[in-house]
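Residues per chain are reported as follows:
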Amino acid sequence: MSAVRTVLGDVLPDDLGVCDAHDHLFFGSPQLPGQELRSVPAARAELTAFRELGGGTVVQWTPYGLGRRAADLPRLSRETGVHVVAATGLHQAAHYDDGALQELRGRLAEVFVSELTEGIGTSGVRAGLIKVAGGFHALDAHARWTMGAAAEAHHATGAPIAVHLELGTGALDVLDLLCGELEVPPERVVLGHLNRSPDAEVHRQAAGSGCYLAFDGPSRANHATDWRMPDAVRALADAGHGDRLLLGGDTTTAAARAANGGPGMPYLLRRMRPRLALAVGEELVRRILTENPGRAFGVQWR
């Protein structure tokens, strides 16, 4: 039977409720100095605001070594009544120092499997997905290494693999590697940030493979693609791919928190949901927020 692995244990896919399929409660990177997501009260406030708008689940894509605070996640989930899914995996090399990466050489897949089946560090919290990342229009050696380890961990556990696409690019190269060479079933792959590169033909080809496409977060100032997102979703739905779509908030900086004047997690339900419903109808949006995440993140765990 398929189950979604949350920080409080495995749950049925139908029990997720409304799902933010890509977000961050905690995150820290040298690429974003001074903007770390470290505050437990702030994370609690985000989850509470999301819950008050009808939210039921948040999937945190924060991977290994970037401040996941796994031990804090069960308490936050209990206190707010929101399911939380944690991640293992590894981001782009720029987010780590050379020593941290060297320490993982030869054992990366082992780390992923351990965090999926035994727990993250001493927290006892098991991850429910593997997060990796591509580069801008290409896959460098680091991406190929991490995706190879992710595929190995998938084959050992059944875990879904979520992929950060740099500015939404490189989707087809990722699928060629993961689903072609490394033989990961496409329905176990989630591609993130498709809203940042609104290439309709690439979207259709990716969706046609059977993977999931995540449109996650309001545009940053240098992306300016929000106005294209409803059309992209409509085009995919019209082409028969409505069951492959996911939505998320992708809050990565303290300034983006709702409590700090940013959009935060509430934006997904407060603004993105009604805007998208005008374009594709409320029923499809309901399915994108509830049914699709259950299929994307619900697996038969091994």
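Note that the coordinates shown come from a computational prediction; the quantities given were computed from them, not determined experimentally.

Quick notes on the rules
- Within every chain, residues take consecutive numbers counted from 1 along the sequence as written.
- The predicted origin of the model limits local features to residues at a pLDDT of at least 70 and limits the giving and counting of side-chain atom pairs to 80 or more, whereas totals for whole chains, interfaces and linings rest on all residues.
- Side-chain descriptors were evaluated using all non-hydrogen atoms of the structure, hydrogens and water having been removed beforehand.
- Strands are runs of DSSP state E lasting at least 2 residues, helices are runs of H or I lasting at least 4, and numbering of each runs from the N terminus.
- Here the expected span of a helix is defined as 1.5 Å times the quantity of residues minus one.
- Bend, at a single residue, is the angle you get between axes fitted to the 7 residues ending at that residue and the 7 residues starting at it.
- Each Phe, Tyr or Trp ring, with Trp reduced to its six-membered ring, pairs with another whose centre is within 6.5 Å; inter-plane angles below 30 degrees give stacked pairs, above 60 give edge-to-face pairs, and intermediate values give tilted ones.
- By the criterion adopted, a ring carries a charge over it if an Arg CZ or a Lys NZ lies within 6 Å of its centre and within 35 degrees of its normal.
- Residue types Ala, Val, Leu, Ile, Met, Phe, Trp, Tyr and Cys, when buried and joined through side-chain atoms within 4.5 Å, form a set referred to as a nonpolar core.
- Exposure classes here rest on a 1.4 Å probe applied to the protein chains alone. A residue is buried below 20% of its type maximum, exposed above 50%, and partly exposed in between.
- Residue contacts are counted whenever heavy atoms from the two residues lie within 4.5 Å of one another.
- For this analysis, a polar contact is any N or O atom pair within 3.5 Å, provided that within protein one partner can donate a hydrogen and the other can accept it, and provided that sequence-adjacent residues contribute only side-chain to side-chain pairs.
- To get an axis, a line is fitted to the C-alpha atoms, and for a helix only the part in contact is used. The angle between two axes follows their N-to-C directions and goes from 0 to 180 degrees.
- Geometric relationships in this document are graded by angle, where less than 35 degrees denotes roughly parallel, more than 145 denotes roughly antiparallel, 65 to 115 denotes roughly perpendicular, and other angles denote oblique.
- By convention the crossing between two helices is left-handed if the near helix lies anticlockwise of the far one by an angle smaller than a right angle, and right-handed if it lies clockwise.
- Note that Gly is not counted as nonpolar here; it falls among the polar residues with everything else outside the nonpolar set of Ala, Val, Leu, Ile, Met, Phe, Trp, Tyr, Cys and Pro and the charged set of Asp, Glu, Lys and Arg.
- The term salt bridge refers to a side-chain nitrogen of Lys or Arg lying within 4 Å of a carboxyl oxygen of Asp or Glu.
- One bridge is not enough; two strands pair if DSSP finds at least two bridges between them.

It is worth spelling out helix α9 (residues 266-280) at this point. End to end, α9 covers 21 Å across 15 residues, agreeing with the expected 21 Å (1.5 Å per residue, within 8%). At methionine 272, α9 is bent by approximately 35 degrees, the largest bend along its length, and proline proline 274 sits one to four residues beyond. Directly beyond the C-terminal end of α9, a positive phi value near 95 degrees is found at glycine 281.

Time to look at the packing of aromatic side chains. For the structure on display, the rule yields 0 aromatic pairs. Above the ring of phenylalanine 26, the side-chain terminus of arginine 69 is found at 5.4 Å from the ring centroid.

In this section: the nonpolar core. Core analysis: the largest hydrophobic core is formed by 79 residues, its most contacted members being Ile130, Met147, Val163, Leu191, Leu213 and Phe215. Filtering out sequence-adjacent residues up to four positions away, isoleucine 130 remains in contact with Thr88, Gly89, Phe112, Leu116, Ala150, Ala153, His154, Ala159, Pro160, Ile161 and Ala162. Formed by 17 residues, the second largest nonpolar core is a distinct cluster that contains Leu16, Ala87, Ala162 and Tyr212.

Turning our eyes to something else, we now look at helix α5 (residues 141-157). Taking 1.5 Å of rise per residue, the 17 residues of α5 would be expected to cover 24 Å, and the 24 Å separating its terminal C-alpha atoms lies within 8% of that figure. Those residues of α5 that are buried lie in contact with α3 (98-104), α4 (108-117), β7 (129-133), β8 (161-164) and α6 (171-181). Backbone nitrogen of histidine 142 and a side-chain oxygen of the N-cap are separated by 3.2 Å at the start of α5; the cap is aspartate 140. Just downstream of α5 lies glycine 158, where phi reads positive at about 90 degrees.

Okay, the packing of α6 against helix α7 (residues 200-208) next. Contact pair α6 / α7: the axes reach a minimum separation of 9 Å and the direction vectors enclose 20 degrees. Relative to α7, the element α6 is oriented roughly parallel. Considering the relative orientation of α6 and α7, their crossing is left-handed. From α6, Ala171, Leu172 and Leu175 reach across to α7, where they touch Val202, Gln205 and Ala206.

Take the environment of leucine 177 next. As for its placement among the helices and strands, leucine 177 is situated in helix α6. Separated by 46 residues in sequence, leucine 177 and lysine 131 have C-alpha atoms that sit 15 Å apart. With near-sequence residues (within four places) excluded, leucine 177 lies in contact with Leu139, Arg144, Met147 and Leu182.

It is at 10 Å that the axes of helix α1 (residues 40-52) and helix α2 (residues 73-80) come closest, and there the two elements cross at 35 degrees. Considering how the two elements wind past one another, α1 and α2 form a crossing that is right-handed. Between α1, through Val40, Ala43, Arg44, Leu47, Thr48 and Arg51, and α2, the contact on the second element is made entirely by Arg75, Leu76, Glu79 and Thr80. Residues that form the contact of α1 with α2 fall into these classes: 4 nonpolar, 2 polar and 4 charged.

What the rule picks out here adds up to 15 salt bridges. Of the charged contacts, one joins arginine 75 and glutamate 79 as a salt bridge, the two residues approaching to 3.8 Å between their closest N and O atoms. Here arginine 75 and its partner glutamate 79 are both found in helix α2, 4 residues apart, which amounts to about one turn of the helix. Each of the salt bridges in this network shares a partner with another, and the network as a whole consists of Arg44, Arg69, Asp72, Arg75 and Glu79.

With that out of the way, let us pick up unusual backbone geometry. Phi at histidine 193 takes a positive value of approximately 75 degrees, unusual for a residue other than glycine. Mapping histidine 193 onto the fold places it in the loop between β9 (189-192) and α7. Here histidine 193 falls in the buried class, since its relative accessible area comes to 1%. The phi torsion at aspartate 250 lies on the positive side, around 50 degrees, for a residue other than glycine. As for its placement among the helices and strands, aspartate 250 is situated in the loop between β11 (245-248) and α9. Owing to a relative accessible area of 6%, aspartate 250 belongs among the buried residues under this scheme.

With parallel pairing, 6 strands are arranged side by side in an open sheet as β6-β7-β8-β9-β10-β11. Edge strands, defined here as strands with exactly one partner in the open sheet, are β6 (87-89) and β11. Neighbour-to-neighbour, the strand axes of the sheet open up by a mean angle of 30 degrees, direction not taken into account. Of the strand pairs in this sheet, β9 and strand β10 (residues 212-216) are connected by 2 bridges, and their pairing is parallel. In the strand pairing of β10, leucine 191 is matched with leucine 213.

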